[in-house]
Amino acid sequence: MEKFRAFLKRKDIVISAKRYGIDALGAMAQGLFCSLLIGTIINTVGVQFHIGFLTMTVATVGGVNYTLGGLATAMSGPAMAVAIGYALRCPPLVLFSLISVGFASNALGGAGGPLAVLFVAIFASEIGKAVSKETKVDILVTPLVTIGVGVGLSAWWAPAIGAAASSVGRIIMWATELQPFLMGIIVSVVMGIALTLPISSAAICAALSLTGLAGGAAVAGCCAQMVGFAVMSFRENRWGGLVSQGIGTSMLQMGNIVRNPRIWTAPIVASAITGPIATCIFRLEMNGPPVSSGMGTCGLVGQIGVYSGWVSDVAAGAKAAITGMDWLGLILICFILPAVLCPLINSFCRRAGWVKDGDLTLA
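Analysis parameters
Residues numbered from 1 in each chain as written. Predicted model: local features only at pLDDT ≥ 70, side-chain atom pairs only at ≥ 80, totals over all residues. Heavy atoms only, no water. Axes fitted to C-alpha atoms, helices over the stretch in contact; angles between N-to-C directions. Helix = DSSP H or I, 4+ residues; strand = E, 2+ residues; numbered from the N terminus. Parallel < 35°, antiparallel > 145°, perpendicular 65-115°, else oblique. Left-handed = near helix turned anticlockwise from the far one by under 90°. Contact = heavy atoms within 4.5 Å. Nonpolar A, V, L, I, M, F, W, Y, C, P; charged D, E, K, R; others polar. Salt bridge = Lys/Arg side-chain N within 4 Å of Asp/Glu carboxyl O. Phe/Tyr/Trp six-rings, centres within 6.5 Å; stacked < 30°, edge-to-face > 60°. Buried < 20%, exposed > 50% of the residue type's maximum accessible area, 1.4 Å probe, protein only. Lys NZ or Arg CZ within 6 Å of the ring centre and 35° of its normal.

## What about the packing of helix α2 (residues 17–48) against helix α15 (residues 301–316)?
Across the interface, α2 lies against α15 with an axial gap of 10 Å and an inter-helix angle of 55 degrees. By the angle between their directions, the pair α2 and α15 is classed as oblique. Every pair of crossing elements has a handedness; the one defined by α2 and α15 is left-handed. Counting all contacts with α2, which are made through F33, L37, T40, I41, T44 and Q48, the residues of α15 involved are V301, I304, Y307, S308 and V311. For the contact of α2 with α15, the residue count by class is seven nonpolar, four polar and no charged.

Following this line, the structure appears as structure tokens:
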């Protein structure tokens, strides 16, 4: 056993919740951002502003025409797998071999492909690391083992993992349609908390293919955290903090939350308020890429995702037009309500002695 532990240490194989549930999951979200999300944004900008070079076919593969954004979107599987491998500190031959693994697991996983990529890429990465540089023909052995294990596991696991993830996502979306008030609160609060924790709400939404009303509730919860922390900590962090948290990430407050968990009260309560407002009053839906549901105001990706969903629905005939009520709901839910509610709720927390000056100061 000691020899095995020494081997794992030498290979930097760390079997832990942090390595797989935080590092790998967070990196997967970055891979999604750099492929699926960027591709969607490029396509949306090209179509809405009639930019020719963004909407023209730049490649035809297997009879399928791809635009610039389409190519980026098609590479989401490899991008996720390589990002995961990077987070797991894979050596170069393993990292490059994960391109094929990511493509296979994402394609075979269907709508739940991101979750399949996460599991398969982790196993393929660790096994690839285990055999890396152990033979004199490493340049052959490491890619063969990594790709062989990854593609084999993709064929074995990915369809089932993908189907399971899609089923869970469909149950959440069905429940939100059935009970929009209660589920609006639950989804908004849970996804908002996940966004601020050192895990990835975006990856969770992508893995579960969370769209529709449930996706809208997720957007509401994430915005409540980001805009809420940004505005209510303005006296401590000024404009730099407003920008870094408001369009960056509320995860920056995690250290302060550990020191005083009560500073989290206002954003969580705000998300419990904005979630059901989104689902019951404005019927805010996320019908863009599922990963956008968990991005909040980060780079305005959540709002771009909602807008791209509107555009797609109008083009498909599922929505007559984008109305003023749509825009009002999006602006209120994502920006105005969190900016008003969080400081207001936090003022009561300050009066109760739960939050003091300096508790929200970013390091």
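Next comes the rest of the account.
## Focus: the environment of F119
Along the chain, F119 turns up in helix α7 (residues 113–131). In this structure the C-alpha to C-alpha distance between F119 and I84, which are 35 residues apart in sequence, comes to 9.9 Å.

## A look at the pattern of salt bridges
Under the criterion given, the structure shown has 13 salt bridges. Close ionic contact of D12 with R19 constitutes a salt bridge, the shortest N to O distance being 3.3 Å. Within the structure, one salt-bridge network assembled from shared partners comprises R235, E236, R350 and D357.

## A few points about the packing of aromatic side chains
Summed over all chains, the structure comprises six aromatic pairs. Plain terms: the ring middles of F123 and W157 are 4.9 Å apart, the flat faces sit at 80 degrees to each other, and that makes the pair edge-to-face. Here the residue F123 occupies a position in helix α7, and W157 occupies one in helix α8 (residues 138–178), the gap between them amounting to 34 residues. A relative accessible area of 40% places F123 in the partly exposed class. Directly above the ring of F348 sits R351, whose terminal nitrogen or CZ lies 5.4 Å from the centroid.

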